[in-house]
Structure formats: structure tokens, C-alpha cells
Amino acid sequence: MRSAQFVALVVIVILQALGVIAITGIWTFEFFNGQGIDFVSSLSLLLVMIAASGWLIATSVGLKNRRRWALSSAVVVEILGVILGLAAIPENLFLGWLILGPAIIALVILLSRNIGNQISEKD
């Protein structure tokens, strides 16, 4: 049986994945319209964002299907979310908390005792 914590965790990770996919789409559009300052830097950033999108999609699917590896993957994703959110706060308070808030909530859920058991337990 899935608890409210587990459902909230899956929803947060899915929303984060959708956000990264949306940003990747915007950056892809800007890249192909030549709006980047430096070609190599723009291409590198675009490839990192594509990889991050794939990582978040795989983590979301893994959590939804209760794969044990998805727990550690989600912890790393949320730690990176906390770091990015803290780095963004001085520049843009709203964006920083938009990244930081869900990452903190998901990290607290991930580090609770019973989530590991729920992920590995089969219905």
C-alpha cells in the first residue's frame, strides 16, 4: 500500500522532471535560433540538460515502479536541487525557493524510515 508520503514524493519528482524538460525545450529553441553567446558553452549546457531530463524521467519511473535503485537516485537529485536552489536565491528569490522548497520536502520524505521499506515492498 502506498502512503501519502510516497505519493507526494513521486508527484514532486515528476513535477521536477517536467520542469527540467520544459527548461530544456526552451534552451533547445534558443540554441537553434542562435541566441546563445558561445556555441560550445551553449551546446554543453544543452547536453547536460538533456542528460538531466533523462535522469529525472528514469528516477520518476523507477520510484513509481518501486525500484530500489530509484531511492538513491532521488536522494542525489534532491541534494542537487537543494544546492541549485540555494545558489539561485541571491539572484532570484522566487526561483530559488521554487527549486529549494520541493527539494527539501522530497529530501525529508526520502530520509524518513518508512520510505525505503515502501519502495522495496511489492503489493
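Structure: above.
Below or above, wherever it landed, is the structure these notes cover.

Cut-offs and rules
Residues numbered from 1 in each chain as written. Predicted model: local features only at pLDDT ≥ 70, side-chain atom pairs only at ≥ 80, totals over all residues. Heavy atoms only, no water. Helix = DSSP H or I, 4+ residues; strand = E, 2+ residues; numbered from the N terminus. Buried < 20%, exposed > 50% of the residue type's maximum accessible area, 1.4 Å probe, protein only. Patch = residues over 30% accessible without salt bridge, like charges linked within 9 Å, V, L, I, M, F, W, Y side chains within 5 Å. Areas by Shrake-Rupley, 256 points an atom, 1.4 Å probe, with all protein chains shown as cover. Salt bridge = Lys/Arg side-chain N within 4 Å of Asp/Glu carboxyl O. Axes fitted to C-alpha atoms, helices over the stretch in contact; angles between N-to-C directions. Parallel < 35°, antiparallel > 145°, perpendicular 65-115°, else oblique. Left-handed = near helix turned anticlockwise from the far one by under 90°. Contact = heavy atoms within 4.5 Å. Core = buried A, V, L, I, M, F, W, Y, C linked by side-chain atoms within 4.5 Å. Expected span 1.5 Å × (residues − 1). Phe/Tyr/Trp six-rings, centres within 6.5 Å; stacked < 30°, edge-to-face > 60°. Lys NZ or Arg CZ within 6 Å of the ring centre and 35° of its normal. 1 Å grid on protein atoms, 1.4 Å probe; cavity = no way out; pocket = protein on both sides within 12 Å on 5 of 7 lines; lining within 4 Å. Points joined across faces, edges and corners; volume = space filled by probe spheres on them.

Some words on the environment of Phe32
Here's step 1: Looking at the element boundaries, Phe32 is found in helix H1 (residues 4-32).
Here's step 2: In this structure Phe32 comes out as exposed when scored by relative accessible area, which is 64%.
Here's step 3: Distance from Phe32 to Leu43, taken between C-alpha atoms, is 10.0 Å for residues eleven residues apart in sequence.

Points about a nonpolar patch on the surface
Here's step 1: On the surface, Val7, Val11, Ile14, Leu15, Leu18, Ile21, Ile57 and Val61 cluster together into a nonpolar patch covering about 640 Å² of accessible area.
Here's step 2: Among the secondary structure elements, those contributing two or more residues to the nonpolar patch are H1 and helix H2 (39-64).
Here's step 3: Residue position: Val61 is located in helix H2.

Section: the packing of H2 against helix H3 (residues 69-88)
Here's step 1: Running from amino to carboxyl end, H2 crosses H3 at an angle of 135°, the nearest separation of the two axes being 9 Å. As the angle between them shows, H2 and H3 are arranged oblique. The chirality of how H2 crosses H3 is left-handed. Contact residues: Trp55, Leu56, Ala58, Thr59, Gly62 and Leu63 in H2; Trp69, Ala70, Leu71, Ser73, Ala74, Val76, Val77 and Leu80 in H3.

Quick look at the nonpolar core
Here's step 1: Leu9, Leu56, Leu63, Leu110, Ile115 and Ile119 are the most contacted members of the largest nonpolar core, which totals 24 residues.
Here's step 2: Mapped by element, the contributors of at least two residues to this core are H1, H2, H3, helix H4 (93-110) and helix H5 (113-120).
Here's step 3: The element best represented in this core is H1, accounting for seven residues.
Here's step 4: Those residues in contact with Ile115 that lie beyond four places of it in its chain are Gln5, Phe6, Leu9, Leu71, Ile109 and Leu110.

Some details on H2
Here's step 1: Here H2 is 26 residues long and its end C-alpha atoms lie 37 Å apart, about the 38 Å a rise of 1.5 Å per residue gives.
Here's step 2: Regarding H2, the residues found buried are Leu46, Met49, Ser53, Leu56, Thr59, Ser60, Gly62 and Leu63.
Here's step 3: Residues of H2 that are buried make contact with H1, H3 and H5.

Details of the packing of aromatic side chains
Here's step 1: Tallying each qualifying case throughout the model produces two aromatic pairs.
Here's step 2: Between Phe31 and Phe32, the ring centres sit 5.2 Å apart and the planes meet at 75°, which makes this aromatic pair edge-to-face.
Here's step 3: Relative accessible area serves as the criterion here: at 17%, Phe31 is assigned to the buried category.
Here's step 4: Joined through ring pairs, the aromatic side chains of Phe31, Phe32 and Phe39 make up one cluster.
Here's step 5: If you follow Arg66 out to its NZ or CZ, it ends over the ring of Phe6, 5.5 Å from the centre.

With respect to the layout of surface pockets
Here's step 1: Of the volumes computed, that of the largest pocket is approximately 820 Å³.
Here's step 2: Taken together, 21 residues form the lining of the largest pocket, with Gln16, Val20, Ile23, Leu84 and Ile99 sitting closest to its centre.
Here's step 3: No other element matches H1, which puts six residues into the lining of the largest pocket.

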